[in-house]
Amino acid sequence: MAQAVIEAKDLGLTFQTADGPVFALSKVDLSVEEGDFVSFIGPSGCGKTTLLRAIADLEKFTEGTLTVNGMMPEQARLARSYGYVFQAPALYPWRTVEANVGLPLEIMGIGDAASRIQRNLDLVNLSGFEKKFPWQLSGGMQQRVSIARALAFDPKLLLMDEPFGALDEIVRDKLNQQLLELWDRTKKTVVFVTHSIPEAVFLSTKIVVMSPRPGRIIDVIKTNFPRQRTLDIRETPEFLKIAQRVREGLKAGHAYED
Amino acid sequence: MKTKRHFIPVLTICAAILVLWYVACIPMNAVVAETKITAAGGGFANTLAVSWGLDRPVIPAPHQIVTEIWNSVFLIAPWKVKSLVFHIWVTLTSTMLGFVMGTLLGVGLAVAIIHSKLLNKSLMPWIIASQTIPILAIAPMIIGVLGSVGFTGLVPKSLISMYLCFFPIAIGMVKGLTSPDPMQLDLMRTYNASASQVLWKLRFPAAMPFLFTSLKVAIAIALTGAIVGELPTGAQGGLGARMLAGSYYGQTIQIWAALVAASFVAASLVYAIGGMERVVNVRMGARP
């Protein structure tokens, strides 16, 4: 069996705040294998973004163990093991599209920038927009630029934090389809945070259902859709069954609050 | 179109100020003018003629200032001490030197401050305290101390300009360098970017709007600093020296001409920075 790309055991993360400790993550066990498309789904406050940020070493976990490519998250970050896509495009407004995509290459001193930029802009269907500035693009296009930027230095792992959360349903469907094609073509491992059930079920090989207070995993569902799939699968009984199970899980997690 | 629409209100305000000025000249100059008006035979016409045409008025009429500027700018060779251009040049050189030094100092302090909490805590109080000291009180000391160790002329004056103008730059740049949002900073973290890469590729570009706002404030007060620096030195050149000489000899028209020249220079400098800002904005792809 291939080595797990991400491995968490008994992972906990507590924020110390003025109002006392906040248990953002508690007893999280998770394993992500190479080539997986894993979604974290849950209501806000369930720690799904925190878990992603812990994997990226943007937050420090406080209990248990967590490895990325067999390394501590910090080593993995220093080794530039992953590309990260944020909730907002976070493009630098004074850089053109190509300069934004080229930013990680400049920072890491990777040559061959022009062809890498071109290849990744092709991948997100944005050829011809190289010289545009971010404000000249729609929200969906900006987010695609940020995906191209995350892919520019060819990391094997792609971490995405609700990348399409701010976009409308139609654009989101289209981008989901494109993302899936990209995942199929590049054979990347993707970890994807969302709060949309159809999005999670459509995209994932593995759905991690989370619940808040304390943030924890309450269900892990494997799906078995073909790698190349279209939005039509959302009408199939299998899809609806999985969506139902995710919904049940989210409901069970919420029962504590009422 | 836009210029045309603004033309009338701008002119109206200018005209109103001029009218107010001319009217104010009459009571304000009354002390000096009274006997002369009586001697000329009194009456409304004489009152105006005398009040607006005194050699040493308390407050000169606008046309007297314009005439003085015209005479001292265009009718005298610019390298002569009597030329206003000469004095403008003297003040401008020390303003620019002080401005450049102040900008470097301000930016340098800001960069240090944002990278170290310790420096932020230890330097900030001094930076703020430095600006609570009235510059008029310490300018003579600075000039005197530097003069005694052999620095005279341009450098001491520039140091006063620098002392005044580093402050808005330091404050503005601290704000500007910390203006990138958390996501833009996290992005750099995911790349394992070095502090200097973050500085050059993110913090400095993001700080540009703040920098230009600070530069506009700084260049105007650098000019003030240079003028203040010329007052206690007994300097032979500079707008400050010109004002001081004017006040020694009761040459109010000369003082006012220097004042108007100073404000004209300040406005031009601020305008020039505005022009640079527009060029930089275009190069940085700002939305037109």
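Rules and cut-offs
- Residues numbered from 1 in each chain as written.
- Chains lettered and ligands numbered in written order.
- Predicted model: local features only at pLDDT ≥ 70, side-chain atom pairs only at ≥ 80, totals over all residues.
- Heavy atoms only, no water.
- Helix = DSSP H or I, 4+ residues; strand = E, 2+ residues; numbered from the N terminus.
- Contact = heavy atoms within 4.5 Å.
- Areas by Shrake-Rupley, 256 points an atom, 1.4 Å probe, with all protein chains shown as cover.
- Salt bridge = Lys/Arg side-chain N within 4 Å of Asp/Glu carboxyl O.
- Buried < 20%, exposed > 50% of the residue type's maximum accessible area, 1.4 Å probe, protein only.
- Core = buried A, V, L, I, M, F, W, Y, C linked by side-chain atoms within 4.5 Å.
- Patch = residues over 30% accessible without salt bridge, like charges linked within 9 Å, V, L, I, M, F, W, Y side chains within 5 Å.
- Pairing = 2+ DSSP bridges.
- Axes fitted to C-alpha atoms, helices over the stretch in contact; angles between N-to-C directions.
- Parallel < 35°, antiparallel > 145°, perpendicular 65-115°, else oblique.
- Left-handed = near helix turned anticlockwise from the far one by under 90°.
- Nonpolar A, V, L, I, M, F, W, Y, C, P; charged D, E, K, R; others polar.
- Domains from an automatic or database assignment.
- Buried area = accessible area lost by both parts, 1.4 Å probe.
- Polar contact = N/O pair within 3.5 Å; in protein donor to acceptor, adjacent residues only side chain to side chain.
- Phe/Tyr/Trp six-rings, centres within 6.5 Å; stacked < 30°, edge-to-face > 60°.
- Lys NZ or Arg CZ within 6 Å of the ring centre and 35° of its normal.
- Expected span 1.5 Å × (residues − 1).

**Notes on the overall build of chain A**
For step 1, the next point in the chain: Each helix and strand in chain A was counted, giving eight helices and nine strands.
For step 2, the next point in the chain: Taken along the three principal axes of its C-alpha coordinates, chain A extends 50 × 45 × 40 Å.
For step 3, the next point in the chain: Put simply, 70% of the contacts in chain A that link residues at least 6 apart link residues at least 24 apart.
For step 4, the next point in the chain: Per element, the accessible surface of chain A, about 11,200 Å² overall, is 53% carbon and sulfur.

**A word on the pattern of salt bridges**
Residue and element names in this part refer to chain A.
For step 1, the next point in the chain: Under the defined criterion, the tally for this structure stands at 20 salt bridges over all chains.
For step 2, the next point in the chain: Across the pair Arg 95 and Glu 106 runs a salt bridge, and its minimum N-O distance is 2.9 Å. Here Arg 95 is found in the loop between strand E5 (82-85) and helix H3 (97-108), whereas its partner Glu 106 is found in helix H3, with 11 residues between them in sequence.
For step 3, the next point in the chain: Arg 95 sits in the buried class, given a relative accessible area of 10%.
For step 4, the next point in the chain: Owing to a relative accessible area of 38%, Glu 106 belongs among the partly exposed residues under this scheme.
For step 5, the next point in the chain: Between Asp 184 and Lys 187 there is a salt bridge, and its shortest N-O distance comes to 3.9 Å.
For step 6, the next point in the chain: Since its relative accessible area comes to 11%, Asp 184 is described here as buried.
For step 7, the next point in the chain: For Lys 187, a relative accessible area of 52% corresponds to the exposed category.

**Examining the nonpolar core**
For step 1, the next point in the chain: In terms of nonpolar packing, the biggest core is built from 129 residues, with Phe40(A) and Val246(A) touching the most fellow members.
For step 2, the next point in the chain: A total of 15 residues in this core trace back to one element, the largest contributor, which is helix H10 (residues 195-230) of chain B.
For step 3, the next point in the chain: Not counting residues up to four positions away in its chain, the partners in contact with Val246(A) are Ile41(A), Ile197(A), Val201(A), Ile207(A), Val209(A) and Ile221(A).
For step 4, the next point in the chain: Formed by eight residues, the second largest nonpolar core is a distinct cluster that contains Ala139(B), Ile143(B), Ile160(B) and Tyr163(B).

**Concerning a nonpolar patch on the surface**
Residues and elements named next belong to chain B.
For step 1, the next point in the chain: Judged by side-chain polarity, Leu 97, Val 149, Phe 151, Leu 154 and Val 155 come together as a nonpolar surface patch covering roughly 400 Å² of accessible area.
For step 2, the next point in the chain: In this fold, Val 149 is placed in the loop between helix H7 (135-148) and helix H8 (154-177).
For step 3, the next point in the chain: With relative accessibility at 57%, the residue Val 149 sits in the exposed group.

**Focus: the sheet that holds strand E2 (residues 20-33) of chain A**
Residues and elements named next belong to chain A.
For step 1, the next point in the chain: Taken in spatial order, the three strands make up an open sheet running E2-E1-E4, and their pairing is antiparallel. Looking along the sheet, the strands with just one partner apiece sit at the ends: E2 and strand E4 (63-68). Averaged over neighbouring strand pairs, the angle between their axes works out to 25° when direction is ignored.
For step 2, the next point in the chain: Taken together, the 10 bridges between strand E1 (residues 4-17) and E2 define a ladder with antiparallel strand orientation. Across the sheet, the residue bridging to Thr 17 is Gly 20, located in E2.

**Re the packing of helix H5 (residues 84-115) of chain B against helix H12 (residues 252-283) of chain B**
Residues and elements named next belong to chain B.
For step 1, the next point in the chain: Contact geometry of H5 with H12 gives a least axis separation of 11 Å together with a crossing angle of 45°. When the axes of H5 and H12 are compared, the pair comes out oblique. Crossing handedness for the pair H5 and H12: right-handed. Of H12, the residues touching H5 (which contributes Leu 84, Ile 88, Leu 92, Thr 95, Met 96 and Phe 99) are Ala 257, Ala 258, Ala 261, Val 265, Leu 269 and Ile 273.
For step 2, the next point in the chain: Its residues assigned to classes, the contact of H5 with H12 comprises 11 nonpolar, one polar and no charged.

**Looking at the domain arrangement of chain B**
All names here are of chain B.
For step 1, the next point in the chain: Looking at the assigned domains, one finds that chain B contains domain 1 (2-58) and domain 2 (84-283).
For step 2, the next point in the chain: Using only C-alpha atoms to locate each centre, domain 1 and domain 2 end up separated by 37 Å.
For step 3, the next point in the chain: Between domain 1 and domain 2, the contact holds six residues from the first and six residues from the second.
For step 4, the next point in the chain: Counting the surface lost from both domain 1 and domain 2, the interface buries some 420 Å², and carbon and sulfur atoms represent 48% of this.
For step 5, the next point in the chain: Counting the surface domain 1 buries against domain 2, the share from its top three residues, Trp 21, Arg 56 and Pro 57, is 73%.
For step 6, the next point in the chain: Remark: the boundary between domain 1 and domain 2 carries zero salt bridges.
For step 7, the next point in the chain: The interface formed by domain 1 and domain 2 includes two residue pairs in polar contact (both at pLDDT 80 or more).
For step 8, the next point in the chain: Its residues assigned to classes, the side of domain 1 that touches domain 2 comprises four nonpolar, no polar and two charged.

**Let's talk about the interface of chain B and chain A**
For step 1, the next point in the chain: Facing the 21 residues of chain B at the interface are 27 residues of chain A.
For step 2, the next point in the chain: Buried area between chain B and chain A, both sides added, is near 2,300 Å², and the carbon and sulfur share of it is 62%.
For step 3, the next point in the chain: For the interface between chain B and chain A, the tally reads three salt bridges.
For step 4, the next point in the chain: Salt-bridge contacts for Arg189(B) lead to Asp57(A); the nearest nitrogen and oxygen are separated by 3.8 Å.
For step 5, the next point in the chain: For the side of chain B that touches chain A, the secondary-structure elements that each account for two or more residues are helix H9 (182-190) and H10 of chain B.

**Looking at the packing of aromatic side chains**
For step 1, the next point in the chain: Within this structure, the stated rule accounts for 13 aromatic pairs over all chains.
For step 2, the next point in the chain: Here the aromatic rings of Phe164(A) and Phe192(A) are separated by 6.0 Å at their centres, their planes lie at 55°, and the arrangement is tilted. Here Phe164(A), found in the loop between strand E6 (157-161) and helix H6 (169-186), pairs with Phe192(A), found in strand E7 (residues 189-194); they are 28 residues apart in sequence, far enough to count as distant. Both residues of the pair, Phe164(A) and Phe192(A), belong to the buried class.
For step 3, the next point in the chain: Members of the aromatic cluster, connected to one another through ring pairs, are Phe37(A), Phe164(A), Trp183(A) and Phe192(A).
For step 4, the next point in the chain: Taking NZ or CZ as reference, Arg227(A) lies 4.0 Å from the ring centre of Trp183(A), over its face.
For step 5, the next point in the chain: When the ring centre of Tyr271(B) is taken as reference, the NZ or CZ atom of Arg278(B) above it lies at 6.0 Å.

**Side note on the side chain of Ser161(B)**
For step 1, the next point in the chain: One can find Ser161(B) in helix H8.
For step 2, the next point in the chain: With near-sequence residues (within four places) excluded, Ser161(B) lies in contact with Ser94(B), Thr95(B), Gly98(B), Ala222(B), Gly225(B) and Ala226(B).

**Points about helix H5 (residues 139-151) of chain A**
Because the α-helix completes a turn every 3.6 residues, residues three or four places apart line up on one side.
For step 1, the next point in the chain: For H5(A), spanning 13 residues, the distance from its first C-alpha to its last is 19 Å, which sits close to the expected 18 Å at 1.5 Å a residue.
For step 2, the next point in the chain: Of all the 13 residues making up H5(A), 12 are buried; the element is thus mostly covered by neighbouring parts of the structure.
For step 3, the next point in the chain: Those residues of H5(A) hidden inside the fold are in contact with E5, H3, helix H4 (113-123), E6 and H6 of chain A together with H9 of chain B.

**Re unusual backbone geometry**
The phi angle of most residues is negative, glycine excepted, and most peptide bonds adopt the trans form.
Residues and elements named next belong to chain A.
For step 1, the next point in the chain: Cis rather than trans, the peptide bond between Arg 213 and Pro 214 has omega equal to -10°.
For step 2, the next point in the chain: Locating Pro 214 in the fold gives a position in the loop between strand E8 (206-211) and strand E9 (216-222).
For step 3, the next point in the chain: Located in the positive-phi region is Lys 27, a residue other than glycine, with phi close to 50°.
For step 4, the next point in the chain: Assignment of secondary structure puts Lys 27 in strand E2.
For step 5, the next point in the chain: Of note in the backbone geometry, Asp 57 takes a positive phi value of approximately 65° without being a glycine.

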